[in-house]
Amino acid sequence: QKEVEQDPGPLSVPEGAIVSLNCTYSNSAFQYFMWYRQYSRKGPELLMYTYSSGNKEDGRFTAQVDKSSKYISLFIRDSQPSDSATYLCAMSQGAQKLVFGQGTRLTINP
Amino acid sequence: EPEVTQTPSHQVTQMGQEVILRCVPISNHLYFYWYRQILGQKVEFLVSFYNNEISEKSEIFDDQFSVERPDGSNFTLKIRSTKLEDSAMYFCASSEVFYSRETQYFGPGTRLLVL
């Protein structure tokens, strides 16, 4: 089993839709969970981070962590064409390497 | 807003040549990292660096690779004898570490092409 699994998509939705992106993981020692956005041939840009379980909201973005199920999600409300990018989940045990998912390529259609 | 910077943005080299990739982490950060991303693949961890020494390295980070913090601001990745398979995007990252807050900020990357 891969340490972090993420559906690579591609995922295409109309503008204004709610987008749900997910990752599962196998290492129960992970404590820090992040979502990065990556535009083509650019560096990952930190969107959201969560420590341990729970929800975190920032504007149109909501991150959820369910450690009991080893499952994390990112929700994007009122999606915009500018949200089109690859979304990477990443996680770590703290002050250590990030383990990334494959990335989900998302396209928001006007 | 503070950011991680990397130079050069692109580098083309011949197989067997040495390359040095440079990074300036965010100034108050204490942990530094290198990752790479081969085209179409996952971002992969290479090495982490703290307190002037390597704290963790991956299997990819073999004897051909080395890292250094030559002064108070730069952080470098050296590949001694490049191979074709070293062609990738190399990202530097840095983080400040406090309890419950461990976020790594990435630079824009250096695209390395080995011919």
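Look a little higher up for the structure.
This structure is a prediction, so every number in the text was calculated from the model and none was measured. (Residues numbered from 1 in each chain as written. Chains lettered and ligands numbered in written order. Predicted model: local features only at pLDDT ≥ 70, side-chain atom pairs only at ≥ 80, totals over all residues. Heavy atoms only, no water.)

## So, the overall build of chain B
- Across its full length, chain B carries 0 helices and 13 strands.
- By its C-alpha atoms, chain B is 45 × 25 × 25 Å across when sized along the principal axes.
- Contacts spanning at least 24 positions in sequence make up 53% of the contacts within chain B whose residues lie at least 6 apart.
- Here chain B displays about 5,900 Å² of accessible surface, and carbon together with sulfur accounts for 48% of that area.
- Measuring between centres, the 10 positive side-chain charges of chain B sit 3 Å from its 15 negative side-chain charges. (Helix = DSSP H or I, 4+ residues; strand = E, 2+ residues; numbered from the N terminus. Contact = heavy atoms within 4.5 Å. Areas by Shrake-Rupley, 256 points an atom, 1.4 Å probe, with all protein chains shown as cover. Lys, Arg positive; Asp, Glu negative; His and termini not counted. Charge placed at Lys NZ, Arg CZ, Asp CG, Glu CD.)

## What to know about the environment of A:Lys56
Residue and element names in this part refer to chain A.
- Among the secondary structure elements, Lys56 is positioned in strand S6 (residues 54-58).
- A relative accessible area of 32% means that Lys56 is categorised as partly exposed.
- Distance from Lys56 to Leu74, taken between C-alpha atoms, is 9.6 Å for residues 18 residues apart in sequence.
- Ignoring sequence-local partners within four residues, the contact set of Lys56 consists of Met48, Tyr49, Thr50, Phe61, Thr62 and Ala63.
- Within the local environment of Lys56, its side chain forms a polar contact with the backbone oxygen of Tyr49, the two atoms lying 3.2 Å apart. (Buried < 20%, exposed > 50% of the residue type's maximum accessible area, 1.4 Å probe, protein only. Polar contact = N/O pair within 3.5 Å; in protein donor to acceptor, adjacent residues only side chain to side chain.)

## A closer look at the pattern of salt bridges
Residues and elements named next belong to chain A.
- Summed over the entire model, instances satisfying the criterion amount to 4 salt bridges over all chains.
- Note that Arg37 is salt-bridged to Glu45, the shortest N-O span being 3.2 Å.
- Overall, the relative accessible area of 12% leaves Arg37 in the buried class.
- Exposure remark for Glu45: the relative accessible area of 36% places this residue in the partly exposed category.
- For the salt bridge of Arg60 with Asp83, the shortest nitrogen-to-oxygen distance reads 2.8 Å. (Salt bridge = Lys/Arg side-chain N within 4 Å of Asp/Glu carboxyl O.)

## Describing the interface of chain B and chain A
- Facing 24 residues of chain B, the contacting portion of chain A comprises 22 residues.
- With both sides pooled, the region where chain B packs onto chain A buries about 2,000 Å², and carbon together with sulfur makes up 56% of that total.
- Counting across the interface, chain B meets chain A through 0 salt bridges.
- Here chain B is connected to chain A by 6 residue pairs in polar contact (both at pLDDT 80 or more).
- Those elements that provide at least two residues to the side of chain B that touches chain A are strand S4 (31-37), strand S5 (43-50), strand S9 (88-95), strand S11 (101-102) and strand S12 (105-106) of chain B.
- Take the side of chain B that touches chain A: its biggest share by element is 4 residues, from S4(B).
- Within the side of chain B that touches chain A, the residues separate by chemical class into 12 nonpolar, 7 polar and 5 charged. (Buried area = accessible area lost by both parts, 1.4 Å probe. Nonpolar A, V, L, I, M, F, W, Y, C, P; charged D, E, K, R; others polar.)

## Description of the environment of A:Phe33
Residue and element names in this part refer to chain A.
- Locating Phe33 in the fold gives a position in strand S4 (residues 32-38).
- Here Phe33 falls in the buried class, since its relative accessible area comes to 2%.
- For the pair Phe33 and Ala90, spaced 57 residues apart in the sequence, the C-alpha separation amounts to 5.9 Å.
- In contact with Phe33, other than residues within four places in its own chain, are Tyr25, Met48, Tyr49, Thr50, Ser52, Val65, Lys67, Ile72, Ala90 and Met91.

## Quick look at the sheet that holds strand S7 (residues 61-66) of chain A
All names here are of chain A.
- The 5 strands lie next to each other as S1-S3-S8-S7-S6, forming an open sheet whose pairing is antiparallel. Each having just a single partner strand, strand S1 (4-6) and S6 make up the two edges of the open sheet. Recorded for the sheet is a direction-independent mean angle of 15° between the axes of neighbouring strands.
- As defined by bridge partners, S6 adjoins S7 across 5 bridges and the pair is classed as antiparallel. (Pairing = 2+ DSSP bridges. Axes fitted to C-alpha atoms, helices over the stretch in contact; angles between N-to-C directions.)

## Digging into the state of the cysteines
Residues and elements named next belong to chain B.
- Per the stated rule, a full pass over the model turns up 2 disulfides over all chains.
- Linked covalently through their sulfurs, Cys23 and Cys92 form a disulfide whose S-S length is 1.9 Å. Its S-S torsion of about -65° marks the bond between Cys23 and Cys92 as left-handed, since a negative value means left-handed. Taken together, the residues Cys23 in strand S3 (residues 19-24) and Cys92 in strand S9 connect sequence positions 69 residues apart. (Disulfide = S-S within 2.5 Å.)

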